[in-house]
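# Coordinate analysis (summary)
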Amino acid sequence: MTQLARGQFGDEFTWGVAHAAYQVEGAWDADGKGPSIWDTFTHRPRTVRDRSNGDVACDFYHRYAGDTALVKRLGFGAQRFSISWPRVLPDGTGRVNRAGLDFYSRVVDACLERGVEPWVTLYHWDLPEALQRRGGWANRDIVDWFGEYVGVVADALGDRVRHWMIFNEPCSFTLVGHLAGQHAPGVRSLRKFLAAVHHVNLAQAAGARVLRDSLDDADVGTTHIVTPSRMLGTTRRHQRAARSLDALLNRAHLEPNFGLGYPIADCPLLRGIRRYQRDGDDKAVLVDWDFIGVQYYTRLLVHPLPVPLLHALPRYGRDFRRYEITATGWEVQPDGLHEALTKVHAYGKVSRIYVTENGAAFPDHLVGDRIHDDRRTAFYRDHLEQVRRAQSDGVPVHGYFCWSLLDNFEWAEGFGPRFGLVYTEFATQRRIIKDSGRWFQEFLAA
Ligand code: GCO
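What you see is a predicted model, and the numbers here were worked out from it, not measured in a lab.

## Section: the sheet that holds strand S2 (residues 78-82)
Taken in spatial order, the eight strands line up as S1-S2-S3-S4-S5-S7-S9-S12 and close into a barrel, and their pairing is parallel. Adjacent strand axes in the sheet meet at a mean angle of 25° when their direction is disregarded. One ladder, built from three bridges, connects strand S4 (residues 163-167) with strand S5 (residues 219-225); its direction is parallel. Bridge assignment links tryptophan 164 to a residue of S5, and that residue is valine 220.

## Some words on empty space enclosed by the protein
By the definition in use, this model includes two cavities of 30 Å³ or more. By volume, the largest cavity is sized at about 80 Å³. Every residue lining the largest cavity is listed: Ala21, Tyr22, Glu25, Gly26, Trp28, Lys33, Ser36, Asp39, Gly54, Ser84, Arg87 and Asp126. In the lining of the largest cavity, the residues fall into three nonpolar, four polar and five charged. A volume near 40 Å³ is recorded for the second largest cavity.

## What about the site of the ligand?
Taken together, 13 residues are adjacent to the ligand, and Gln23, Asn168, Glu169, Glu357 and Glu410 come closest. Here an oxygen atom of the ligand and a side-chain polar atom of tryptophan 403 are 3.3 Å apart. Burial of the ligand by the protein amounts to 95% of the accessible area it has alone, namely 310 Å². Taken together, the residues that form the shell around the ligand break down as six nonpolar, four polar and three charged.

## With respect to the pairing of strand S14 (residues 430-433)
In this structure, strand S13 (residues 422-425) lies alongside S14, joined through four bridges in antiparallel fashion. Residue pairing across strands places tyrosine 423 opposite isoleucine 432, the latter belonging to S14. Hairpin remark: S13 followed by S14, antiparallel, with four residues in the connecting loop; positive phi at glutamine 429, about 65°.

## Examining helix H5 (residues 98-113)
With 16 residues, H5 extends 22 Å from end C-alpha to end C-alpha; this agrees with the ideal 22 Å at 1.5 Å per step. Turning to H5, its buried residues are Gly100, Leu101, Phe103, Tyr104, Ser105, Val107, Val108, Ala110 and Cys111. Of the residues trailing H5, glycine 115 is marked for its positive phi of about 75°.

## Digging into the pattern of salt bridges
Considering all chains together, one arrives at 29 salt bridges under this definition. Between arginine 49 and glutamate 413 there is a salt bridge; the shortest N-O distance is 2.8 Å. Pair noted here: arginine 49 is in the loop between helix H2 (37-42) and helix H3 (60-74) and glutamate 413 is in the loop between strand S12 (397-403) and S13, with a separation of 364 residues, a long-range link. Residue classification places arginine 49 among the exposed positions, given a relative accessible area of 64%. Overlapping salt bridges bring together Asp364, Asp373, Arg376, Asp407, Arg418 and Lys434 as one network.

Basis of the calculations
- Residues numbered from 1 in each chain as written.
- Predicted model: local features only at pLDDT ≥ 70, side-chain atom pairs only at ≥ 80, totals over all residues.
- Heavy atoms only, no water.
- Pairing = 2+ DSSP bridges.
- Helix = DSSP H or I, 4+ residues; strand = E, 2+ residues; numbered from the N terminus.
- Axes fitted to C-alpha atoms, helices over the stretch in contact; angles between N-to-C directions.
- 1 Å grid on protein atoms, 1.4 Å probe; cavity = no way out; pocket = protein on both sides within 12 Å on 5 of 7 lines; lining within 4 Å.
- Points joined across faces, edges and corners; volume = space filled by probe spheres on them.
- Nonpolar A, V, L, I, M, F, W, Y, C, P; charged D, E, K, R; others polar.
- Near = heavy atom within 4 Å.
- Polar contact = N/O pair within 3.5 Å; in protein donor to acceptor, adjacent residues only side chain to side chain.
- Areas by Shrake-Rupley, 256 points an atom, 1.4 Å probe, with all protein chains shown as cover.
- Expected span 1.5 Å × (residues − 1).
- Buried < 20%, exposed > 50% of the residue type's maximum accessible area, 1.4 Å probe, protein only.
- Salt bridge = Lys/Arg side-chain N within 4 Å of Asp/Glu carboxyl O.

Below, the structure is given as structure tokens:
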């Protein structure tokens, strides 16, 4: 392959970085913000590996201007960030917290002043605790609650924000939050999981309608984690398990919006979802997306254990040491990104696809004032080559967002895994551009 160069991706290609409210903002109870389920969850003992929480995180709430300047300095043209619902509506519905909305308004302006395009995610997992007390995603009323929230944000920011993503990775917060219980709200219930899946899909469509109704020129999409999986074996049992896992991880949230219903035939676990479907839902769930964001980190290699998914998730790397493994235990598998992009394109339902997250955690060491994170640079280079490969195959990939700008709070893993192009020294909040960030700086300037 010829040397990778920015120009190969096209003039209109969007280059961005991504981050999420709870993982960077801190200021968890500042200026009228209500608690989110992640505040409640991390304040409970033994929920986060290093017993940390996002109370302060990267203090982005106070340092957003400097951080946006960094985005610009690295040469990126877009910054994807999420809005914290309880910062805007402390009780989830009703009373609007002006100070919270003003904060996001300032972030948008900070982006625009520097020529960085704001890409807004409306929900990156931090549900208002007040709504969790009313059943959260398991309560069908949430479809209306979410619509109300989206309307408030669209009114406040829609004059300046054009690109919107409804959800970040629905599969992650329904499955890991409601079935595995390892993320907030820490629920382990098949019923609540199934209810959440359906309500999230309805809310996804409702949110898209609100944006389209209230804004003339909104570019409306959503993001999905796409994790290709491979079974270690070729028997019928292996194949069934692979299909079931794929349906659960990659299809249950993608296909209903496309009008394809739930992949129940391939994933019997989803059968009980019928209990939550009502007349008219098939139509209400449809969305004609402007774009889909694909998020890719690794593929899964799984044994067909009796409970394949839950047991295999943290362990899949163990037998495959011949692959490089990241600090989160994930196999580095660049081909999987090509597969993920091809898979979404194959539905023939969207004309634009963006990689809205891709990146890796590696053990970073501060040497003097430098972080020589060559493995991360190689990771990005190898994955960008797969984006090019997908483009040459005709997949309409229009942009790429690195996860993440800064080292930040990695959910139940705490502050251990560092995903940033920029190192965060958490004790001082000093930011130090890593070599991978410098690599992007050169690559994007060329
Ligand atoms: C996700 C989220 C991010 C994570 C990132 C690294 O994909 O889980 O969108 O919030 O931090 O993916 O795990």
